[in-house]
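Descriptive structure summary
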There are 2 protein chains.
Amino acid sequence: MTCGETLAFLREHDNYLVLTHKRPDGDAIGCSVALAEILRGMGKTAWLPAVSDATALFTGYLEGQQAPGGFVPDTVVSVDLAATGLLHHSVAGYAGCIDLAIDHHPSNEHFARELWLEADKAACGEILWKLAEAAGVMNKTIADALYVAVSTDCGCFVYANTTANTHRVAAALMEAGADYKRLNKKHFRTKSMARMRLEGLIMQNLRLYHEGCVAVAPISLATMEQAGAKEEDAEDIAALVGQIAGVHISATIRELKIGECKISLRTMAEMLNASHVCARLGGGGHAAASGCTVYGTVEEAERAIVGAIEAQLTEDGHG
Amino acid sequence: MTCGETLAFLREHDNYLVLTHKRPDGDAIGCSVALAEILRGMGKTAWLPAVSDATALFTGYLEGQQAPGGFVPDTVVSVDLAATGLLHHSVAGYAGCIDLAIDHHPSNEHFARELWLEADKAACGEILWKLAEAAGVMNKTIADALYVAVSTDCGCFVYANTTANTHRVAAALMEAGADYKRLNKKHFRTKSMARMRLEGLIMQNLRLYHEGCVAVAPISLATMEQAGAKEEDAEDIAALVGQIAGVHISATIRELKIGECKISLRTMAEMLNASHVCARLGGGGHAAASGCTVYGTVEEAERAIVGAIEAQLTEDGHG
């Protein structure tokens, strides 16, 4: 469907439940809240599910948005949801009866009766902004929610998925009252002390191979404990080591429990295909980011991944 | 002057030398290159000074932009320069004969014959973009240079100085061919190994006071050596500690040489005025970011700044 067709659909229906994917990120939460508010601005009843597994960073945005007990929707809409398998188990029962999906994932599985897909958008929030414009509905809650959606999905306009449209939507949201100073500080300029200490320990324990082109960062259970870090403090930690100048291949080894290590491998894909390396250890993924599990100590996992990298480089003729 | 008046001025003159401030950052380098290229697009001769003290991060952008030996300018224009005292010594002789200044600093000292000042802009690059538009001159070099200018001055759109206009200019530059993926990776997603190790050591040596609200990060000469860090690896390091969740007041102590420590203080201005604290130690600055020098060891500097913070909190009634 187009934007205009979606708006017509939304005007015809009522009593909305807005679903998104489990472990919702900023785009998922922001789009959910924005759509519910846009629908309310159109005179409709709209709620998010009563149960959410959002992390502490995002729960604040859900205040007043969750369905009261006994709410039975007439219309179910999903946002930022690529497949029904990604629904939280508490709403998995709606998988077969989603009336409309609004999404930006090229991999959307066409599970809904109607679909508005714009796969060129960095964030689903850019699509919701278009809807708000077309509906003529805007308020501070919508502006904040969509700024969260758009900014978090492109790492605050630094990732390669950022487009000119992403910037123009951000500009419009700032003019519509989005509290971007507070939101940027919260999402991009705040780290827990445990995260800071964890990053410090990783830098201290880092080992380089192949004249500094390969970096391996072991994160043992002891390291996590020393940093006072919980699971959420280690989120996206594999990106850290990949930032080092001159490092083209980086492996982050997480000891999940005694005898089990998860390895995240990031590579400059044109130099080394990460999925080929991880396949040697029973894993897989994408050319630039892959993973595998090694059953053994952190030291054994390090030897395994370094060996696999060297074997693959040799096979590719870069050894 | 307005944009139109500036354009008329530039059309009337020729043989340009484009100056900026010493230790030029991305905005200074980007605006210098962009103005020279815009002038060339208008059929003029324009050069940057033959000598530059730009850091390694920015020297690449100067290729082919610096004046050949013997060049004598007829017209001198400055960009992103607030005061002639900030000129590099090699061009300080031009201080009295700057014909036109293009700037965004509210503190511009009106040293030039003509001034185009837009103090509401996050980056001087936003003003230069307006000029390029008015002149009808754009190419990839200008787009790249202005993207560097605009993005680096607002920390890639995360700092509080970012405006809707900043985003709109970024969008236009991306459409004009700016290689933003490569530039973002280079400026915002790459850190030297020494910088990484330095950040790790800072986290390890960090001390908290006042129930975690105050953080003090000592960086001794030994720490710099242990990290293998040069001066450029320590750039803007004071921002690091200010990112810790719950920390409202952060002091970074750099031992510049034996017996001399430079303190950078960052505060949430509504909680504590940083300049009031630093004034107690003979320094000064802004409400949210100030500095001072303490002659003594790192430990003495730490005691001095913690004492000054506590004294000021007590005087303000927050002790």
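Cut-offs used in this document
- Residues numbered from 1 in each chain as written.
- Chains lettered and ligands numbered in written order.
- Predicted model: local features only at pLDDT ≥ 70, side-chain atom pairs only at ≥ 80, totals over all residues.
- Heavy atoms only, no water.
- Contact = heavy atoms within 4.5 Å.
- Buried area = accessible area lost by both parts, 1.4 Å probe.
- Salt bridge = Lys/Arg side-chain N within 4 Å of Asp/Glu carboxyl O.
- Polar contact = N/O pair within 3.5 Å; in protein donor to acceptor, adjacent residues only side chain to side chain.
- Helix = DSSP H or I, 4+ residues; strand = E, 2+ residues; numbered from the N terminus.
- pLDDT = per-residue confidence, 0-100.
- Axes fitted to C-alpha atoms, helices over the stretch in contact; angles between N-to-C directions.
- Nonpolar A, V, L, I, M, F, W, Y, C, P; charged D, E, K, R; others polar.
- Phe/Tyr/Trp six-rings, centres within 6.5 Å; stacked < 30°, edge-to-face > 60°.
- Buried < 20%, exposed > 50% of the residue type's maximum accessible area, 1.4 Å probe, protein only.
- Lys NZ or Arg CZ within 6 Å of the ring centre and 35° of its normal.
- Least-squares fit on C-alpha atoms with pLDDT ≥ 70 in both.
- 1 Å grid on protein atoms, 1.4 Å probe; cavity = no way out; pocket = protein on both sides within 12 Å on 5 of 7 lines; lining within 4 Å.
- Points joined across faces, edges and corners; volume = space filled by probe spheres on them.
- Pairing = 2+ DSSP bridges.
- Parallel < 35°, antiparallel > 145°, perpendicular 65-115°, else oblique.
- Left-handed = near helix turned anticlockwise from the far one by under 90°.

**Quick look at the interface of chain A and chain B**
Listed per partner, the contact involves 38 residues of chain A and 38 residues of chain B. When the two sides are added together, the surface that chain A and chain B hide from each other amounts to roughly 3500 Å², 60% of it contributed by carbon and sulfur. Between Glu175(B) and Arg168(A) there is a salt bridge whose closest N-O contact spans 3.0 Å. Linking chain A to chain B there are 16 residue pairs in polar contact (both at pLDDT 80 or more). Those elements giving two or more residues to the side of chain A that touches chain B turn out to be helix H6 (164-175), helix H7 (180-188) and helix H8 (193-205) of chain A. Broken down by element, the residue count for the side of chain A that touches chain B peaks at eight residues, all from H6(A).

**Some words on the confidence of the model for chain A**
For chain A, per-residue confidence averages 95 on the pLDDT scale, and residues scoring 70 or more make up 100% of the total. With a pTM of 0.89, the predicted complex shows an ipTM of 0.88.

**Concerning the packing of helix H4 (residues 124-135) of chain B against helix H5 (residues 140-153) of chain B**
Residues and elements named next belong to chain B. For the pair H4 and H5, the least separation of the axes is 7 Å and the interaxial angle reads 145°. Mapping the contact onto sequence places Gly 125, Glu 126, Leu 128 and Trp 129 in H4 and Leu 146, Ala 149 and Val 150 in H5. Residue composition of the contact of H4 with H5, grouped by class: five nonpolar, one polar and one charged.

**Section: the packing of aromatic side chains**
Scanning the entire structure with this criterion turns up seven aromatic pairs over all chains. Here Phe58(A) and Tyr61(A) contribute two aromatic rings whose centre-to-centre distance is 6.4 Å and whose plane-to-plane angle is 40°, an arrangement assigned as tilted. Residues Phe58(A) and Tyr61(A) agree in their burial class; the two are buried. Centroid distance Phe157(A) to Phe157(B): 6.1 Å. Interplanar angle 80°. Geometry classified as edge-to-face. You can see Phe157(A) sitting in the loop between helix H5 (140-153) and H6 and its partner Phe157(B) sitting in the loop between H5 and helix H6 (164-175), one on each of two chains. Relative accessible area serves as the criterion here: at 0%, Phe157(B) is assigned to the buried category. Cluster of aromatic residues (ring-pair linked, three or more members): Tyr147(A), Phe157(A), Tyr180(A), Tyr147(B), Phe157(B) and Tyr180(B). Directly above the ring of Trp47(A) sits Arg40(A), whose terminal nitrogen or CZ lies 5.2 Å from the centroid.

**Points about the relation of the copies chain A and chain B**
Of the transformation superimposing chain A on chain B, the axial component is 0.1 Å and the angular component is 180°, with the fit at an RMSD of 0.7 Å. Such a combination of turn and shift is consistent with a two-fold rotation axis. Minimal C-alpha separation from the rotation axis in chain A is found for Gly200(A), amounting to 1.6 Å. Here 100% of the interface residues in chain A have copies in chain B that are interface residues too; the copies meet face to matching face.

**Thoughts on the layout of surface pockets**
Here the second largest pocket is characterised by a volume of approximately 740 Å³. Around the second largest pocket, the lining comprises 26 residues; the ones closest to its centre are Gly242(A), Thr267(A), Met268(A), Lys185(B) and Arg189(B). When contributions to the lining of the second largest pocket are tallied by element, the ones reaching two or more residues are helix H10 (238-241), strand S8 (249-257) and strand S9 (260-267) of chain A together with helix H7 (180-188) of chain B.

**With respect to the pairing of strand S3 (residues 75-79) of chain B**
Residue and element names in this part refer to chain B. Among the five residues in S3, five count as buried, and that is most of the element. Both faces of S3 are covered, namely the face carrying Thr 75, Val 77 and Val 79 and the face carrying Val 76 and Ser 78. The pairing of strand S1 (residues 16-19) with S3 spans four bridges and is parallel. Each bridged residue has a counterpart across the sheet, and for Tyr 16 the counterpart in S3 is Thr 75.

**Overview of the packing of H6(A) against H6(B)**
Following both chains from N to C, one finds H6(A) and H6(B) inclined at 165°, their axes separated by 8 Å at the closest point. Relative to H6(B), H6(A) is oriented roughly antiparallel. Pair H6(A) / H6(B) crosses with left-handed handedness. Listed contacts from H6(B) to Ala164(A), His167(A), Arg168(A), Ala170(A), Ala171(A), Ala172(A), Met174(A) and Glu175(A) of H6(A) are Ala164(B), His167(B), Arg168(B), Ala170(B), Ala171(B), Ala172(B), Met174(B) and Glu175(B).

**Points about the environment of Leu10(A)**
Residue and element names in this part refer to chain A. Along the polypeptide, Leu 10 turns up in helix H1 (residues 3-12). Overall, Leu 10 belongs to the buried group, its relative accessible area being 0%. Sequence separation between Leu 10 and Arg 280 is 270 residues; the distance between their C-alpha atoms is 50 Å.

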